[in-house]
Amino acid sequence: MFPRGREIVLGVAGSISAYKSCELLRHLQDQGFLITVVPTRASLKFVGVATWEALSHRAVADDLWNNVQEVPHVALGKKADVVVIAPATADLIARIAQGRADDLLTNIVLTATCPIIIVPAMHTEMWLNEATKQNVKTLRSRGFIVIDPEVGKLTGEDVGAGRYPKSKVIVQATQDALKSKADYLGKKVLISAGGTRESIDPVRYIGNRSSGKQGYALAYAAAKRGAEVTLIAANADLADIEGVKIIHVETAKQMQEVLVREFEDTDMVIMSAAVADVRPENPVSEKISKGGLKEIKVLPNDDILKALSTKKKNQVLVGFAAQTGSDGLNQAKDKLRAKGLDLLYFNDVTKTKIFGSDETEGILLDSNGGERKISRISKVTLADKILDLALHKLS
Ligand code: CTP
């Protein structure tokens, strides 16, 4: 399944049905979701931190006052593609409806801009209480997705409305929530991916380590949001994406030709491809023997983004910069300016593994001087964050 790695914050409140969220977590993982569990204090009386850490393979965040330097409530709220709160108690629903921020989970709810799914589970009397009903109405009117509980056997002798729904209902709601964003409808987006190759002879080339995963993740995310996407893929060994027009190229020159041809009626260009800066002056059709490989004369390739920025009307231009060394950030800022870009994603490829990985970390630079640190997330989640900012620029 492509692509894996949508981020979910799974909030768990203090209901006996908290144990059912262990199974829910597994089912969400089966769909490729990556999950950070945020239990409330009361819920830990039912299911403990060790269980959540073992199941999610991640540290559990249960306290606003741990790792304060990382500002966890903001980081988790921004990182999430969907927040699922299951089970949600009457008390938690009331606190969210009031906009309170008295624990980590309610802080996350206030900072998240993604869809939030609430899965109430409680006794029938509490569910039908006028206060709860009003709170649920308030949440729905604010865009929260509240799943109605099932009718059935509750804790003790009770039978009625309030039962935790089946996992598959929650998984489906999560998938639907991701699909519902169609803010790129009517927009044309050109995305480059992979690494260009410049032929030396039939066997050798000048190339780079780019896998194409970030560009494919961008194409997938933009298409999901309704964009008409053309992906110019250079030497990426990845599966086609439904609904995306893919043009395969090998060299920088071929990539430039396609981009220039398609540029005029495009709204946005995202250059995630690593483009070779030079090409051999005299590529040959016979293999060069090792004795002839002492020197390869090269010619410079055009800077594609720079060339596009001179033709730019209203198009938004987004670049990438994989740097090394202590001056990497400054070099990335220079590129943003020199290439006339609206946004640039910078990462330091010596610090952590980025090439070939499904995850990334770096800094998103804005032409208005803004800098947004991106802590390790999936490349698809980064794609959505870039698309959010780029759409803002477009309008
Ligand atoms: N890029 C481009 N055309 C090129 C080289 C790069 O459009 N000939 C784009 C890349 O796709 C990327 C951005 O410019 O979005 C930065 O690429 P990078 O290779 O870091 O920049 P260079 O200008 O080649 O700088 P360096 O001297 O560090 O190689």
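Along each chain, residue indices are assigned from 1 in the same order as the chain's sequence is written. With the structure being a predicted model, the display of local features is reserved for residues of pLDDT at least 70 and the display and counting of side-chain atom pairs for 80 or more, all residues being used for whole-chain, interface and lining totals. Excluding hydrogens and water, the side-chain figures rest on all heavy atoms present in the structure.

J.: Lay out the domain arrangement of the protein in plain terms, naming residues and giving numbers.
T.: For each domain, the first and last residues come from an automatic or database assignment. For the protein, the assigned domains read domain 1 (7-178) and domain 2 (188-394). On a C-alpha basis, the centres of domain 1 and domain 2 stand 38 Å from each other. Accessible area, probed at 1.4 Å, shrinks when two parts are joined; the buried area is that loss added up over both. Regarding the contact of domain 1 and domain 2, the summed buried area is about 570 Å², with carbon and sulfur atoms giving 41% of it. Looking only at domain 1, the three residues that lose the most surface to domain 2 are Lys78, Lys79 and Asp81, adding up to 60% of its buried area. By definition, a salt bridge exists where a carboxyl oxygen of Asp or Glu is found within 4 Å of a side-chain nitrogen of Lys or Arg. The interface formed by domain 1 and domain 2 includes zero salt bridges. What qualifies as a polar contact is a pair of N or O atoms within 3.5 Å, subject to a donor-acceptor requirement within protein and to the restriction that residues adjacent in sequence count only when both atoms come from side chains. Across the contact surface, domain 1 and domain 2 share two residue pairs in polar contact (both at pLDDT 80 or more). For the side of domain 1 that touches domain 2, the class distribution of residues is one nonpolar, no polar and four charged. When residues are grouped by polarity, Ala, Val, Leu, Ile, Met, Phe, Trp, Tyr, Cys and Pro land in nonpolar, Asp, Glu, Lys and Arg in charged, and all others, Gly among them, in polar.

J.: Could you give an account of the side chain of Arg95, with specific residues and numbers?
T.: Segments assigned H or I by DSSP are reported as helices when at least four residues long, segments assigned E as strands when at least two residues long, and all are numbered from the N terminus. Among the structural elements, Arg95 can be located in helix α4 (residues 90-97). For Arg95, the side chain forms a polar contact with the side chain of Asp103, separated by 3.2 Å. Beyond its immediate chain neighbours, meaning those up to four positions away, Arg95 contacts Thr40, Arg100, Asp102, Asp103 and Thr106. Contacts: residue pairs with any heavy atoms within 4.5 Å of one another.

J.: Explain the sheet that holds strand β3 (residues 82-88) to me, and be specific about the residues and the numbers.
T.: When DSSP finds two or more bridges between a pair of strands, those strands are recorded as paired. Here we have five strands laid out as an open sheet, ordered β2-β1-β3-β4-β5, and parallel in their pairing. Every other strand in the sheet has two partners, leaving β2 (34-39) and β5 (145-146) as the edge strands with one partner each. Direction of pairing for strand β4 (residues 116-120) relative to β5: parallel, over a ladder of two bridges. Following the sheet pairing, Ile118 is matched in β5 by Val146. Between N-to-C directions, angles cover 0 to 180 degrees, with each direction set by a line fitted to C-alpha atoms, over the stretch in contact for helices. Across the sheet, α4 lies against β3 and β4, angled at about 140° from β3, the strand it touches most.

J.: Give me the pattern of salt bridges: which residues, what numbers.
T.: Here the structure, examined in full by the defined rule, presents 24 salt bridges. Two residues, Asp358 and Lys213, come together in a salt bridge whose shortest N-O distance is 3.0 Å. Of this pair, Asp358 sits in the loop between β17 (343-348) and β18 (359-366) while Lys213 sits in helix α9 (residues 213-224); the two residues are 145 residues apart in sequence, bridging distant segments of the chain. When a residue's accessible area, from a 1.4 Å probe over protein chains only, is under 20% of the maximum for its type it is buried; when over 50% it is exposed; and in between it is partly exposed. Lys213 sits in the partly exposed class, given a relative accessible area of 23%. For Lys245, the salt bridge goes to Glu262, with nearest N and O atoms at 3.8 Å. Here the residue Lys245 occupies a position in strand β12 (residues 244-249), and Glu262 occupies one in helix α10 (residues 252-263), the gap between them amounting to 17 residues. Given the relative accessible area of 45%, Lys245 is considered partly exposed. Each of Arg6, Asp183, Arg225, Asp384 and Asp388 takes part in one network of salt bridges that share partners.

J.: Can you lay out the site of the ligand for me, pointing to particular residues and giving the numbers?
T.: The local shell around the ligand consists of Met271, Ala273, Val275, Asp277, Asp302, Asp303, Ile304, Leu305, Gly319, Phe320, Lys335 and Lys339. A distance of 2.7 Å separates an oxygen atom of the ligand from a polar backbone atom of Ala273. In this structure, an oxygen atom belonging to the ligand sits 2.9 Å away from a main-chain N or O atom of Leu305. Within the complex, the protein chains bury 75% of what would otherwise be the 570 Å² of accessible surface of the ligand. Breaking the shell around the ligand down by element, the ones donating at least two residues are α11 (304-311) and β16 (316-323). The residue inventory of the shell around the ligand, partitioned by class, reads six nonpolar, one polar and five charged. Note on definitions. A residue lies near a molecule or strand when any single heavy atom of the residue is within 4 Å of it. Exposure was quantified through the Shrake-Rupley algorithm and a 1.4 Å probe, taking into account, for residues, occlusion by the shown protein chains and nothing else.

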